[in-house]
Amino acid sequence: MFVDRIKIFSKAGDGGRGSVSFRREKFVPRGGPDGGDGGRGGDVVLEADEHTDNLANLFYEPIIKAKSGAHGQGKKKHGRSAPPKIVKVPLGTVVYRAEAPVRSADSMEEHSEFQGNGNSETLLEALPADRAQVSLDREPLADLTSHRQQFILCQGGEGGKGNVHFKSSRNRAPREYTEGDPGEEGHFLFELRTIADAGLIGYPNAGKSTLLGRISAAHPKVAAYPFTTLHPIIGIVDFPGYQRATVADIPGLIEGAHQNVGLGHDFLRHITRCRLLLFVLDIAGSEGRSPIEDLQHLRREIDLYDPKLSKRPWRIVANKTDLASAEENLRAFRRRFPDVETVAVSAATGEGIELLKEQLARWLTDPPLIATRHSYESNVNLPCE
Ligand SMILES: Nc1nc2c(ncn2[C@@H]2O[C@H](COP(=O)(O)OP(=O)(O)OP(=O)(O)O)[C@@H](O)[C@H]2O)c(=O)[nH]1
Ligand SMILES: [Mg+2]
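Remember, it's a predicted structure, so these values are computed and weren't measured experimentally.

Basis of the calculations
- Residues numbered from 1 in each chain as written.
- Chains lettered and ligands numbered in written order.
- Predicted model: local features only at pLDDT ≥ 70, side-chain atom pairs only at ≥ 80, totals over all residues.
- Heavy atoms only, no water.
- Helix = DSSP H or I, 4+ residues; strand = E, 2+ residues; numbered from the N terminus.
- Buried < 20%, exposed > 50% of the residue type's maximum accessible area, 1.4 Å probe, protein only.
- Contact = heavy atoms within 4.5 Å.
- Areas by Shrake-Rupley, 256 points an atom, 1.4 Å probe, with all protein chains shown as cover.
- Pairing = 2+ DSSP bridges.
- Axes fitted to C-alpha atoms, helices over the stretch in contact; angles between N-to-C directions.
- Near = heavy atom within 4 Å.
- Polar contact = N/O pair within 3.5 Å; in protein donor to acceptor, adjacent residues only side chain to side chain.
- 1 Å grid on protein atoms, 1.4 Å probe; cavity = no way out; pocket = protein on both sides within 12 Å on 5 of 7 lines; lining within 4 Å.
- Sits in = over half its atoms within 2 Å of the grid points.
- Nonpolar A, V, L, I, M, F, W, Y, C, P; charged D, E, K, R; others polar.
- Donors = N, O, S within 2.8 Å, 3.2 Å for Na, K, Ca; no water.
- Core = buried A, V, L, I, M, F, W, Y, C linked by side-chain atoms within 4.5 Å.
- Points joined across faces, edges and corners; volume = space filled by probe spheres on them.
- Parallel < 35°, antiparallel > 145°, perpendicular 65-115°, else oblique.
- Arc of directions from axis to C-beta.

So what's going on with the overall build of the protein? Residues and values would help.
Looking only at helices and strands, one finds 6 helices and 14 strands in the protein. Out of the 385 residues belonging to the protein, those deemed buried represent 51%. Here the analysis covers contacts within the protein between residues at least 6 apart in sequence; of these, 76% occur between residues at least 24 apart. Split by element, the accessible area of the protein, about 18800 Å² in all, is 49% carbon and sulfur.

Shown next as structure tokens:
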């Protein structure tokens with residue numbers, strides 16, 4: 001199961017209570033107060049981890065709690081502080097504050113998309129269109145983009161004070177103490193926005209997954225039916241000189257996706273942090289398609305999803321050159337879009353793949369694209385909307 005959006009409840013540990021205690025020793029009949037302080041409650045901490053690729057570990061247990069601090073004890077002993085509860089999340093996890101679910105019969109249904117129904121392979125399907133952009137207009141609390149980066153989601157409560165603090169000249173045997181502070185708690189929405197250098201966008205069956213399998217060591221599922229890919233897959237492409245880039249294969253996009261046709265366009269958020277958009281076209285126009293129209297529709301869908309995304313640098317991969325009519329269509333396509341850089345390949349036979357890799361290396365390192373070697377850090381400043 002692949003989960004890329006989930007609503008959770010989190011509660012940090014409460015602080016332990018301060019102790020009320022008096023010294024008792026053999027020859028000290030009325031020892032003073034010696035109640036120690038309570039321990040600190042554990043924090044709930046999110047940690048980005050490059051070995052975690054989705055939020056599925058939270059799906060069955062969308063409640064994260066840290067332990068409370070221990071109570072103080074006599075002999076001025078402090079209660080033990082609770083350890084932080086560390087939850088690993090994938091790189092690219094964006095955290096938003098969410099409202100508490102309203103627990104009435106009809107509103108339960110309204111919130112149920114966050115829990116999913118357990119049957120769908122991905123939660124994307126469970127999200128209605130009007131909810132798809134639920135977080136776009138909100139300020140994220142955190143954006144975990146680099147390995148081991150941590151974020152304290154909920155802070156543990158401070159421990160209470162023991163009666164030893166309340167001794168004064170007038171009150172030598174205080175029975176006062178304080179409770180520990182409660183740990184912070186809240187409802188949150190975690191959303192995964194995959195971070196990659198380039199993202200493959202195209203109609204179902206255009207050959208995006210076949211292409212990723214060709215240029216990287218990834219083995220995405222390939223099949224002759226639409227919507228084979230249901231969630232993003234990242235492949236690492238090695239270039240000569242130890243340079244590498246990450247390329248994300250995402251589900252197929254179709255016209256009307258913004259109205260939730262097909263898988264909708266919610267998964268497009270996975271390419272919002274790709275520096276380069278690669279439109280993969282079936283240049284042979286098999287299945288009665290027109291590559292020129294395909295590109296226009298795809299660009300339109302991207303623009304309807306997020307106008308900022310449509311301004312991202314983009315290039316064309318004209319796939320399926322091994323099929324009849326590819327050559328003729330390619331000529332027509334280049335005449336129609338003479339200024340758009342287009343590389344013709346056949347992901348099936350491997351023709352043009354080396355040239356594509358060379359171009360990809362150039363596109364990713366040449367200005368105006370960010371002129372740094374690949375690293376996850378190079379993408380973190382891209383807006384996460
Ligand atoms: N002839 C030919 N067939 C190809 C080529 N590339 C992919 N195919 C075939 O096209 C079909 C779809 O390929 P996929 O790689 O699964 O396509 P996709 O774009 O990832 O599809 P979705 O995941 O459904 O969006 C498969 O049957 C592939 O074998 C190509 O260059 N030439
Ligand atoms: Mg695919």
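Go over the sheet that holds strand 5 (residues 93-98), please, and point to the residues and values.
The sheet built from 5 strands is open, its strands ordered 3-1-8-5-6 with mixed pairing. Both edges of this open sheet fall to strand 3 (63-65) and strand 6 (142-144), since each of them pairs with a single strand only. On average, adjacent strands in this sheet sit at an angle of 30 degrees to one another, irrespective of strand direction. Alignment of strand 5 against strand 6, held across 3 bridges, turns out to be antiparallel.

How would you sum up the site of ligand 1? Please name residues and give values.
In the neighbourhood of ligand 1, 24 residues make up the surrounding shell, with K208, T210, F227, T229 and D322 lying closest. At 2.8 Å from a nitrogen atom of ligand 1 is found a side-chain nitrogen or oxygen belonging to D322. In isolation ligand 1 has 650 Å² of accessible area, and contact with the protein removes 87% of it. Spatially, ligand 1 is embedded in the second largest pocket. Of the residues forming the shell around ligand 1, the biggest block, 3 residues, is contributed by helix 3 (residues 208-215). For the shell around ligand 1, the per-class residue count stands at 12 nonpolar, 9 polar and 3 charged.

Tell me about the coordination of the magnesium ion (ligand 2), and please be specific about residues and values.
Within the first shell, the magnesium ion (ligand 2) binds the protein through S209 (OG) and T229 (OG1), at distances of 1.9 to 2.0 Å. Remark: T229 occurs in the loop between helix 3 and strand 10 (233-239) and S209 occurs in helix 3; sequence separation between them is 20 residues. Just as S209 is buried, T229 falls in that class too.

Break down the nonpolar core for me, citing the residues and quoting the values.
Counting residues in each nonpolar core, the largest one holds 31 residues, and the members touching the most others are I201, L253, L268, I271, F279 and I302. Secondary structure elements with two or more residues in this core: strand 9 (196-201), strand 12 (274-282), helix 4 (291-305), strand 13 (314-319) and helix 5 (326-336). Each residue touching I271, except ones within four places of it in the same chain, is listed here: G199, I201, I250, L277, I302, L309 and R312.

Tell me about empty space enclosed by the protein, and please be specific about residues and values.
In this structure the tally under the stated criterion is 3 cavities of 30 Å³ or more. Taken as a whole, the largest cavity holds about 60 Å³ of empty space. Along its surface, the largest cavity is lined by Y203, P204, N205, A206, V280, L281, D282, E287, R289, D294 and L298. At the level of elements, strand 12 and helix 4 are the ones that each hand at least two residues to the lining of the largest cavity.

Describe the packing of helix 3 against helix 6 (residues 353-365), naming the residues involved and giving the relevant values.
Helix 6 packs onto helix 3 with a crossing angle of 80 degrees between their chain directions and a minimal axis gap of 10 Å. The angle between helix 3 and helix 6 places the two elements in the roughly perpendicular class. Side by side, helix 3 and helix 6 meet where L211, R214 and I215 of the first sit next to I353, L356 and K357 of the second. For the contact of helix 3 with helix 6, the per-class residue count stands at 4 nonpolar, no polar and 2 charged.

Pulling in residues and values, what's your account of the sheet that holds strand 14 (residues 342-344)?
Ordered in space as 10-11-9-12-13-14, the 6 strands form an open sheet in which the pairing is mixed. Two strands lie at the open edges of the sheet, namely strand 10 and strand 14, each paired on one side alone. On average, adjacent strands in this sheet sit at an angle of 25 degrees to one another, irrespective of strand direction. Most of the contacts of helix 4 go to strand 12, to which it runs at about 145 degrees, and overall it touches strand 9, strand 12 and strand 13. Sheet strands in contact with helix 5 are strand 12, strand 13 and strand 14, and its direction is about 175 degrees off that of strand 14.

Pulling in residues and values, what's your account of helix 3?
Buried within helix 3 are the following residues: K208, S209, L211, L212 and I215. Along the axis of helix 3, the buried residues cluster in a sector spanning 155 degrees; they form a single face.

Give me the lowdown on the pairing of strand 1 (residues 5-11), citing residues and values where you can.
For strand 1, the buried fraction is high: 6 of the 7 residues fall into the buried class. Bridging between strand 1 and strand 8 (residues 185-192) involves 7 bridges; their strand directions are antiparallel. Across the sheet, K11 pairs through a bridge with E185, a residue of strand 8. Pairing of strand 1 with strand 3 involves 3 bridges; the strand directions are parallel.

Run through the layout of surface pockets, naming residues and quoting values.
In this structure, the largest pocket spans a volume of roughly 440 Å³. As for the largest pocket, its lining consists of 17 residues, and the residues nearest its centre are E50, T52, D53, T194 and I234. Sort the elements by how many residues they give to the lining of the largest pocket and strand 10 lands first, with 3 residues. Taken together, the residues of the lining of the largest pocket sort by class into 10 nonpolar, 4 polar and 3 charged. Approximately 330 Å³ is the volume attributed to the second largest pocket. What lines the second largest pocket is a set of 24 residues, and nearest its centre among them are N205, A206, G207, T210 and A223. With 3 residues, helix 3 is the single largest residue contributor to the lining of the second largest pocket. The class makeup of the residues in the lining of the second largest pocket is 11 nonpolar, 8 polar and 5 charged.

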